[in-house]
Protein chains: 2
Amino acid sequence: MTQGIRGLFAPERIAVVGATEREGSVGRAIWQNLDGFDGEVVPVNPRRETVFGESCFPTLADVPHDIDLVVVVVPPESAVDVVREAGERGVENAVVVTAGFGEAGSEGAARERDLQQVAEEYGVNLVGPNSLGILSTPRNLNATFGPGGALPGTLSFMSQSGAFITAVLDWANDQGIGFKDVVSLGNKAVMDETDFVDFWGEDDHTGVVLGYLEGIEDGREFIETARETTRETPIVLVKSGRTEAGAQAASSHTGTLAGSEEAYEAGLDQAGVLRAENVQELFDFARVLDGQPLPDGDSVAVVTNAGGPGVMATDAVGDSRLSMASFGDETIDALRESLPGGANVYNPVDTIGDADVERFRTAVDAALADENVDAAVVISAPTAVLDYAELAEAVVACQREHGKPMVACLMGGERATDAGRVLREGGVPNYFDPARAVRSLDALARQREITEREYGTPPNFDVDRERARDVLEQVQERGENRLGVEAMDLLDAYGIPTPKSEIVDTPEDAVNAAQDIEGDVVMKIVSPDILHKSDIGGVKVGVSPEEVYDAFEDLVTRARNYQPDATILGVQVQEQVDLDAGTETILGVNRDPQFGPLLMFGLGGIFVEVMEDTTFRVAPVTDREATEMLDEIQAAPLLRGARGRPSADRESVAETIQRLSQLVTDFPAILELDVNPLVATPDGVQAIDVRLTVDPDEL
Amino acid sequence: MTQGIRGLFAPERIAVVGATEREGSVGRAIWQNLDGFDGEVVPVNPRRETVFGESCFPTLADVPHDIDLVVVVVPPESAVDVVREAGERGVENAVVVTAGFGEAGSEGAARERDLQQVAEEYGVNLVGPNSLGILSTPRNLNATFGPGGALPGTLSFMSQSGAFITAVLDWANDQGIGFKDVVSLGNKAVMDETDFVDFWGEDDHTGVVLGYLEGIEDGREFIETARETTRETPIVLVKSGRTEAGAQAASSHTGTLAGSEEAYEAGLDQAGVLRAENVQELFDFARVLDGQPLPDGDSVAVVTNAGGPGVMATDAVGDSRLSMASFGDETIDALRESLPGGANVYNPVDTIGDADVERFRTAVDAALADENVDAAVVISAPTAVLDYAELAEAVVACQREHGKPMVACLMGGERATDAGRVLREGGVPNYFDPARAVRSLDALARQREITEREYGTPPNFDVDRERARDVLEQVQERGENRLGVEAMDLLDAYGIPTPKSEIVDTPEDAVNAAQDIEGDVVMKIVSPDILHKSDIGGVKVGVSPEEVYDAFEDLVTRARNYQPDATILGVQVQEQVDLDAGTETILGVNRDPQFGPLLMFGLGGIFVEVMEDTTFRVAPVTDREATEMLDEIQAAPLLRGARGRPSADRESVAETIQRLSQLVTDFPAILELDVNPLVATPDGVQAIDVRLTVDPDEL
């Protein structure tokens, strides 16, 4: 699909179907916004002879020239036909501004399906419907009905909210922030965020990809594409609908079913996306990513003429992944020599209140020359001896000379205006608040980590996939959607250690099974109709060899008494695992509508249920990701044997996570799965129990 | 001290000691800034005849009129003498701008002590030294050497960083934000934050108290004073040095020993202070607190013309203590009637993109009329049909009519300028980012909670204070600073239940003691020289009556073998408590340099040490505060008996916290104390072990 997208943003000729002169109409607004376009625009409207002096064509078919892009502003009833006409004559790109589709009831939804089908049939790259339009500055293309345009720049921005685009552009024009392309995604019937991430990732004129999203259409595809893009081009997204209330509002706004916040949080991180919490962060991050090189490390120098703001910046460093650089002796000597007595030559460097530009320059220069310093924050309060614009020039010059990233915080109002412009032109972002300056630098450092990431490939273990399929098919054949103990076979087929176990039909077989296992055993009734076995006494723990026979009969009797018509598949005789010898962990999977299988890891019992100490990844996961999961939970030290606990075989736990990841990736029929507990001892792991829910219609 | 402070901000006559015409000097800058003062200013300088045409007096003693305020700009060597002269002639207020005191080595520190002594001797309300000065708009008083003044307003602002004041004022002038008083606290030799909180709390012209602090001089006094102030006047503070790196930077900047972040977090909350995380929040909160009434509850309505920003606001509500209001049927009907088809009549209300001011007004009006709505956020993106300034007027009018608090988020740049002014004049703060708008409203709701808080009084339990004093004195007499098991008496004296226990000298006494206790006992060696008893086998658990005699001899032998010269105070014979019958909790105390005794509560073992699940309060605590501690930890459900645990007698735990609070408040000699574990069963609590460190010099 990427092939033709270039024509969206750099067409030679555009047809506006629905162009008109009618006051207050969208068709008029778009026509007028296209006025400055570096190419040709032709109006199409069967009900007009001309539009602002340009001869109108009654239909697309009547336009005698090649068309690269069609902008559709007709009523919803005719939009599908217009796109079909476009497809028939080989137009590759369309922006459907018209609303009244998926967002407008079932009739609209049907219409949107038609639109999608037609676009796909003819291979039209369709933006929208229900889009504000698109905008691209290199060719002065403004095919939106918004009230204003954009300054030229290297930020490319997509938004699921058209109104948000108008707000951002108005504000950005004021701030001197420019864009390369802007897209209002609308209902995303055809083209979605992944298409644009892909396109902008290969676009030389895009420096940073920005987005406001309320949902991601295909999470897995997005992750794969974004990983490639972020090797070179940072992606910063605001994903709203983070909270329950927000997700509900987003769903009523766009009509899309939102995936879980856990899935988005994990998925966006796995995709290498920098997630901004709000609008302000989106552009705070964009500015530094656009203008500054990536740092070599996380060590920051702070140079200030004001102690207080220096402390604020240091706090912000403490809150981030960054650290305060320790200066080398040479740097300290140089600073001591050049700064007056009361100054602080350690980090944060305080050049004190009477510092002029020259003193600032010397201090910044010394700090940046230090090999322990990867980046710098320059902070100043206005004083009588300091010319802010001159200081801004010195900051830009220092940045260029040393090639290390810098951010500025020349605090003030009117007084900082000129300086702000100098810094902006020099690519050094300026923030009023020291905390914002540092957080932005932190985003830059995270971007470095992202570009250096080794994602690796999820391992492909040698498993018995056919056996697993058999287990799942048996459940489906029974018309069930839940598996209990028999699901242990599924784990076994995927090489996940389970206690020795057998399902038997007679007390004699039970005795034999127990003999094979040796020692005491656990016995459980196996019945798809009895969910809470423990509650009816359907589980016996610590059964000695002599007790096995009677235990079998007792279990069956209890089950019969409890529910006479229950299907009883037998009794499970299982090796008894000493839970105290290890740490109980939980592995869970559920299927997210956008991202597919989502893995959860945590320690058993209260750790997950009361302390909510869990971590998530979108499957399939690599070794690195599985190991990260073990380290991310707060209780991680317990797996290493803290406080006298038996340590856990962490490698086996990580491997189990990956094997489970392979299982749920191989079988989309598995909707939910919990291994609880997975006991991790110093010598390995054992899955003691498992529950799962399958989709009876899929395998 | 408050008595005379008014003269600081509203003096009739000011003497500037050190006034001069010398270019670039601080004495000249202050003189010039005082130019517009609504009162008289006299220059004092032995080396000048006149200053800008005003006759100069050689010394303060030579000034023939009453002086209300002296501003000191002389070199540090003469500053103390000038303050003494001022004191001698009865001047009540002084601002010492001169630097070179506590911040400048040991010589400076000695000078600061002198300054403090002189000020206290004469009862001078002294601001500084090392202060930028003070400023008060009602009388056009600008006694600072900063580059600009302030607009009039009702915010009163103190800052431990003078440079930060210059930055804030420059920015605030640009934003149209005004101040009543501004104080640069400097080194706080005499007047500190508590004095100004006290003064502004009673000042009719101050609407909100704002501060930037790196430390608080006397935490307990601050809490008491702030609690009174915040009944009427909100206090918003940025307290920097939150992180380890930040605290270190603050300490090298101001030379003050920083208390722990835990103490500040607890203390500021107990004081009723709203803590802002950064500069931006400080003024975001200030604007809404200054202009808007407090809400009656936490339910918010969001009205927007743009779905996306509406979702962002809803997310921000989800992140806060606020909740999205559920509209009543009447409201829904009214909205349905007045809004077009595609609009969302539920909260967040989406008036959709073609909404004009009238439609907005109707929707806002309907929402505010709903009794389920306590406050509203109005959000808009710029559109062709919407006049922002007119919308701003409608917002202000709606706010006035309904009297419920509102914040606005009319997004845009240039386009939002006029609207911003209209809103500012109407007292409705406007934010570009929906998240900031909501967070500010959240601060307003927290302020309501603060004004309604019942702090109560810490209970005064009937305790045996003399017996406790004896225990502590015995340790001090021994020249020790640690107590072990004998500290159980201390708990007992304060009515904290401990297991039955006796310290005995002979095996025969041990047998008798065990008989009194009944059942198995725990036996421990008692020696101040043996800290880790368990390591040398100095603790025996589950000792049956028959084993007591031998156990005694064995414990003593082990102790002798381990350390032949150890002082052995005896053997403790203690009732054995069944730990499984309850939940192990930990109570800890340490003494913060600013706030005094700080109480910690958490569950035992991994909960505190690995999960870091703890909560803090500055002592003394009330019943309400103690109960809050129980509820605040993540593991709180376990105390209620979650997951099959025995529930805990929460009232007894809360009472124990308060008794311990009384103990450490009564005896400042107790530096650190840990009750670990305090076992909480369904029927009560028992303190199983205690450790403490005492100050040998204090009692």
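Residues numbered from 1 in each chain as written. Chains lettered and ligands numbered in written order. Predicted model: local features only at pLDDT ≥ 70, side-chain atom pairs only at ≥ 80, totals over all residues. Heavy atoms only, no water.

Participant: Outline helix 11 (residues 307–319) of chain B, supporting the account with residue identities and numerical values.
Facilitator: Here helix 11 of chain B contains 13 residues, and its C-alpha end-to-end distance of 19 Å stays within 8% of the 18 Å for a straight helix at 1.5 Å per residue. Along helix 11 of chain B, the residues classified as buried are B:Gly307, B:Gly308, B:Pro309, B:Gly310, B:Val311, B:Met312, B:Ala313, B:Thr314, B:Asp315, B:Ala316 and B:Val317. (Helix = DSSP H or I, 4+ residues; strand = E, 2+ residues; numbered from the N terminus. Expected span 1.5 Å × (residues − 1). Buried < 20%, exposed > 50% of the residue type's maximum accessible area, 1.4 Å probe, protein only.)

Participant: An account of unusual backbone geometry is needed here, citing residue identities and associated values.
Facilitator: The omega angle of the peptide bond from A:Gly128 to A:Pro129 is -5°, so this bond is cis rather than trans. In this model, B:Asn676 is joined to B:Pro677 through a cis peptide bond whose omega is 0°. By the element assignment, B:Pro677 lies in strand 28 (residues 670–681). Phi angles above zero are rare outside glycine, and A:Lys188 is one such case at about 55°.

Participant: Residues and numbers for the packing of aromatic side chains, please.
Facilitator: All names here are of chain A. For the structure on display, the rule yields 26 aromatic pairs over all chains. Note on Phe9 and Phe199: the rings are 5.6 Å apart at their centroids and 25° apart in plane angle, and the pair reads as stacked. Of the two residues, Phe9 sits in helix 1 (residues 2–9) while Phe199 sits in helix 6 (residues 193–201), which places them 190 residues apart along the sequence. Relative accessible area serves as the criterion here: at 3%, Phe199 is assigned to the buried category. The interplanar angle of 80° and the centroid separation of 6.2 Å between the aromatic rings of Phe179 and Phe283 together place this pair among those described as edge-to-face. On the criterion of sequence distance, the pair formed by Phe179 in strand 11 (residues 178–184) and Phe283 in helix 10 (residues 279–291) is long-range, its members being 104 residues apart. (Phe/Tyr/Trp six-rings, centres within 6.5 Å; stacked < 30°, edge-to-face > 60°.)

Participant: How would you summarise the relation of the copies chain B and chain A if you had to cite specific residues and measurements?
Facilitator: When chain B is fitted to chain A, the residual RMSD is 0.1 Å, and the transformation amounts to a turn of 180° plus an axial shift of 0.0 Å. These values place the two chain copies in the arrangement generated by a two-fold rotation axis. In terms of proximity to the rotation axis, the leading residue of chain B is B:Met611, whose C-alpha is 4.3 Å off the axis. Interface overlap between copies is the fraction of interface residues in one copy that are interface residues in the other; for chain B against chain A it reaches 100%, indicating a shared surface. (Least-squares fit on C-alpha atoms with pLDDT ≥ 70 in both. Contact = heavy atoms within 4.5 Å.)

Participant: Hey, could you go over the UniProt feature "domain: ATP-grasp" (unreviewed entry) in chain A for me, with residue numbers and the actual values?
Facilitator: UniProt records the feature "domain: ATP-grasp" (unreviewed entry) for residues 488–524 of chain A in the present numbering. Across residues 488–524 of chain A, the secondary structure splits into 46% helix and 22% strand, with the terminal C-alpha atoms separated by 13 Å. (UniProt positions renumbered as here; feature names shortened; annotations may be inferred.)

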